[in-house]
Amino acid sequence: MKTLKELQDGKTTSRALTKACLARGEALDSSLHAFLHVDESAPERASQVDKESPLAGLPIAVKDILMVEGMPATCGSKILEGFMPPFTATSVKKLQDAGAVIIGKTNTDEFAMGSSTENSAYGVTHNPWNLDRVPGGSSGGSAAAVAAGIVPAALGTDTGGSIRQPASFCGISGIKPTYGRVSRYGLAAYGSSLDSVGILGRSVDDLIPLFEVMVGKDPLDATTVDAPSITRKLSAESLVGTRIGVPAEYFVKGIQAEVEERVREAIKMLKMLGAEIIPINLPHTEYALPVYYILAPAEASANLARYDGIRYTPREGEKSLEDVYRQTRGKHFGAEVERRIMLGTYALSAGYYDAYYGQAQKVRTLIRRDFEEAFKNVDAIAAPIAPTTAFEIGSHGDDPLAMYLEDIFTLPANLAGVPGLALPVGFDGDNMPIGMQLMGAPFSEENLFAIGRAYQGATDWHKEKPNIG
Ligand code: GLN
């Protein structure tokens, strides 16, 4: 990473860089609204960071669904307004211990439920490439902050696409790690069997130093493991011998023509770099959307039960305990969160459990097996991230189904627990960015990075910047 190297070589100081990030944020954020909280004391903390530490005082931003001690955490929801977490998420703590400086918290759809940041209770974030368009979601604030050059990297979370899709919409890179590779401790839970914490940055090179610090077993998250060594190590210098699968199910009717064209061109480039391109099938892809929109709300309905006005502020109602629950939740949860709680509660209810939740779990296994089969023959799978480029703010407002359809290509990786790397691969006719994802077998992020680096070594899409400020 260029910025990190400059810090390590003493060409700049963490304090100067942190101040510059804050100044750029101040100049641009009135039009972007990428931040929910900015820490004005960041430059002071920056001056105390040890230059010799691995991240040497690198300033970064954190999605406001991860806990950072000393900074408010809202999760984009009114129900957590004013909440100050007394602890820091493991992923963030590891970065801080390695010398990163957190400059603020970024906007998100309420509890990470959404694909546009329009569900944030604190207002939408605008796409730096076109302020009338959404930045994607739910990590839209982090994506916009990176794309606008406010921070060199930012943390996001991906339960069904929320790192890859905003990366695609904002023309940057992003990694959604293997489930269990990065600790979820200190992440407000949405769909616990799907949630993963990852990174957004301009290029693959910007992701790697943070990724290396964040991974590993955490005693505070029983689903984490130390990564076993991957079976086939790929070279970043040449893609000769690398097998890349292209799934027919991801190039379907309804996808924006330019998205398909740019992704196919990117795949051609991988071939020119020496990769072998292999057509494959992931036969259960079409079920990912219904399966996800049963399982994720089911898990969310349980996870969100804790926001009841008892332990967290604010509290409404006083007649009875039920009155407190009803009024607090009714008043402070947004419409999408309420919709998910109702969907999830219904899917888990005694009469319907087998028909919906039980069935969805079985189909999830079939989706995972599709990937297991595919990875017997290929090292990575290349596919579009979203069927369209960034849409206009408000255009999906009263149509939740249209919004859910945006996730069609990202959900399978979460259901299967596999990693996904987002890479910018070009633009549409309106100059809106287009992304491609590389999915890999569990714990093969290093291979995805190698392929991504080879691609970015041969192309300049990751160097394109929006014309903003
Ligand atoms: N858009 C998907 C949802 O609303 C994914 C969100 C996410 O990855 N956090 O559930």
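Look a little higher up for the structure.
On a predicted model such as this, the values are computed, not experimentally measured, just so you know. (Residues numbered from 1 in each chain as written. Predicted model: local features only at pLDDT ≥ 70, side-chain atom pairs only at ≥ 80, totals over all residues. Heavy atoms only, no water.)

Peer 1: Mind showing me how you'd approach the overall build of the protein here?
Peer 2: Assigned secondary structure in the protein consists of 15 helices and 11 strands. Computed over the C-alpha atoms, the radius of gyration of the protein is 21 Å, within 12% of the 23 Å expected from 2.2 N^0.38 for a compact globule of 469 residues. Counting all 469 residues of the protein, 61% fall into the buried class. As displayed, the protein offers around 18000 Å² of accessible surface, 53% of which is attributable to carbon and sulfur atoms. Here the protein holds 45 positive side-chain charges and 57 negative ones, and the gap between their average locations is 4 Å. (Helix = DSSP H or I, 4+ residues; strand = E, 2+ residues; numbered from the N terminus. Rg over C-alpha atoms; globule rule 2.2 N^0.38 Å. Buried < 20%, exposed > 50% of the residue type's maximum accessible area, 1.4 Å probe, protein only. Areas by Shrake-Rupley, 256 points an atom, 1.4 Å probe, with all protein chains shown as cover. Lys, Arg positive; Asp, Glu negative; His and termini not counted. Charge placed at Lys NZ, Arg CZ, Asp CG, Glu CD.)

Peer 1: Sorry if this is basic, but what is going on with the pattern of salt bridges here?
Peer 2: Pairing is possible between side chains that carry opposite charge, provided their charged atoms lie close to one another. All chains considered together, the criterion is met by 25 salt bridges. We note a salt bridge from Glu-336 to Arg-340, for which the minimum N-O separation is 2.7 Å. Placement of the pair is Glu-336 and Arg-340 together in helix 11 (residues 335-348), with a separation of 4 residues, close to one helical turn. For the pair Glu-336 and Arg-340, one class covers both residues: buried. Lys-376 serves as the salt-bridge partner of Glu-373, at 2.7 Å between the closest nitrogen and oxygen. Relative accessible area serves as the criterion here: at 46%, Glu-373 is assigned to the partly exposed category. For Lys-376, a relative accessible area of 55% puts it in the exposed group. What you see here is one network of salt bridges that share partners, running through Lys-5, Asp-9 and Lys-11. (Salt bridge = Lys/Arg side-chain N within 4 Å of Asp/Glu carboxyl O.)

Peer 1: Which parts of the structure should I look at to understand helix 4 (residues 90-97)?
Peer 2: Because each turn of an α-helix spans 3.6 residues, side chains separated by three or four positions in sequence point in the same direction. The set of residues buried in helix 4 consists of Thr-90, Ser-91, Val-92 and Leu-95. Along its buried surface, helix 4 packs onto strand 2 (59-63), strand 3 (101-106), strand 4 (153-158), strand 6 (196-201) and helix 7 (204-214). Gly-99 sits one or two residues past helix 4 and shows a positive phi near 105°. (Contact = heavy atoms within 4.5 Å.)

Peer 1: What is the right way to look at empty space enclosed by the protein in this model?
Peer 2: Over the atoms rolls a probe the size of a water molecule, and in doing so it shows where empty space is left. Evaluation of the coordinates by the stated rule reveals 2 cavities of 30 Å³ or more. A volume near 90 Å³ is recorded for the largest cavity. If you trace the largest cavity, you find 15 residues lining it, with Gly-114, Ser-115, Ser-162, Tyr-292 and Asp-407 closest to the centre. Among the residues forming the lining of the largest cavity, the class breakdown is 5 nonpolar, 8 polar and 2 charged. In this structure, the second largest cavity spans a volume of roughly 30 Å³. Ile-65, Ala-112, Thr-157, Thr-159, Leu-187, Ala-188, Tyr-190 and Asp-195 are the residues that line the second largest cavity. Grouping the amino acids of the lining of the second largest cavity by side-chain chemistry returns 5 nonpolar, 2 polar and 1 charged. (1 Å grid on protein atoms, 1.4 Å probe; cavity = no way out; pocket = protein on both sides within 12 Å on 5 of 7 lines; lining within 4 Å. Points joined across faces, edges and corners; volume = space filled by probe spheres on them. Nonpolar A, V, L, I, M, F, W, Y, C, P; charged D, E, K, R; others polar.)

Peer 1: Got a minute to help me understand the packing of helix 9 (residues 288-303) against helix 11 in this structure?
Peer 2: Any two packed helices are characterised by how steeply their axes cross, that is the angle between the axes, and by the distance between the axes. Relative orientation of the contacting elements helix 9 and helix 11 amounts to 100°, with a least axis distance of 7 Å. Between helix 9 and helix 11, the interaxial angle falls into the category roughly perpendicular. Facing helix 9, whose interface residues are Tyr-293, Ile-294, Pro-297, Ala-298 and Ser-301, helix 11 presents Arg-340, Ile-341, Leu-343, Gly-344, Thr-345, Ala-347 and Leu-348. Taken together, the residues of the contact of helix 9 with helix 11 break down into 8 nonpolar, 3 polar and 1 charged. (Axes fitted to C-alpha atoms, helices over the stretch in contact; angles between N-to-C directions. Parallel < 35°, antiparallel > 145°, perpendicular 65-115°, else oblique.)

Peer 1: Sorry, what's going on with the packing of aromatic side chains here?
Peer 2: Aromatic ring pairs are reported here in terms of the distance separating the ring centres and the angle at which the planes meet. Tallied over the full model, the rule gives 15 aromatic pairs. Ring centres of Tyr-293 and Tyr-404 lie 4.0 Å apart, and the angle between their planes is 15°; this geometry places the pair in the stacked category. Pair noted here: Tyr-293 is in helix 9 and Tyr-404 is in helix 13 (residues 400-405), with a separation of 111 residues, a long-range link. With respect to class, Tyr-293 is no different from Tyr-404; both count as buried. (Phe/Tyr/Trp six-rings, centres within 6.5 Å; stacked < 30°, edge-to-face > 60°.)

Peer 1: Looking at this structure, I do not really get the state of the cysteines. What am I missing?
Peer 2: Disulfide: a covalent bond connecting the sulfur atoms of a pair of cysteines. Summed over all chains, the structure comprises 0 disulfides. Cysteine Cys-21 shares no disulfide, and the gap to the nearest cysteine sulfur, in Cys-170, comes to 17 Å. We classify Cys-21 as buried; its relative accessible area is 6%. (Disulfide = S-S within 2.5 Å.)

Peer 1: How should the side chain of Ser-196 be read in this particular structure?
Peer 2: By the element assignment, Ser-196 lies in strand 6. Given the relative accessible area of 3%, Ser-196 is considered buried. Not counting the four nearest positions on each side in its chain, Ser-196 is found in contact with Gly-156, Thr-157, Asp-158, Lys-176 and Pro-177.

Peer 1: Would you explain the pairing of strand 8 (residues 276-280) in this entry?
Peer 2: Both faces of the sheet carry side chains from a regular strand, because those side chains alternate between them. Judged from the 5 bridges that link them, strand 7 (residues 243-247) and strand 8 form a sheet pairing that is parallel. Following the sheet pairing, Arg-243 is matched in strand 8 by Glu-276. Once you follow strand 7 into helix 8 (residues 257-272) and on to strand 8, the crossover reads as right-handed. (Pairing = 2+ DSSP bridges. Right-handed = clockwise from strand over helix to strand, strands pointing away.)

Peer 1: It is not clear to me how the environment of Glu-6 should be interpreted in this structure. Could you clarify?
Peer 2: Inspection of the secondary structure assignment puts Glu-6 in helix 1 (residues 2-8). Put simply, Glu-6 and Ala-56 are 50 residues apart on the chain and 9.5 Å apart in space, counted from C-alpha to C-alpha. When near neighbours in sequence (up to four residues on either side) are disregarded, Glu-6 contacts Lys-11 and Thr-12.

Peer 1: Just to check I follow, could you spell out the sheet that holds strand 5 (residues 173-176) for this structure?
Peer 2: Consider a sheet: its strands pair through backbone hydrogen bonds, and that pairing is either parallel or antiparallel. One open sheet accounts for 11 strands, arranged 1-3-2-4-6-5-10-11-9-7-8; its pairing is mixed. Both outer strands of the open sheet, strand 1 (35-38) and strand 8, are each paired with one neighbouring strand and no more. With strand direction ignored, the average angle separating the axes of adjacent strands in the sheet is 30°. Here 6 bridges tie strand 4 to strand 6, and the two strands are oriented antiparallel to one another. Bridged to Gly-156 within strand 6 is Gly-198. Those strands touched by helix 4 are strand 2, strand 3, strand 4 and strand 6, and its axis lies near 160° from that of strand 4.

Keep in mind that these numbers describe shape and distance, not what the molecule does.
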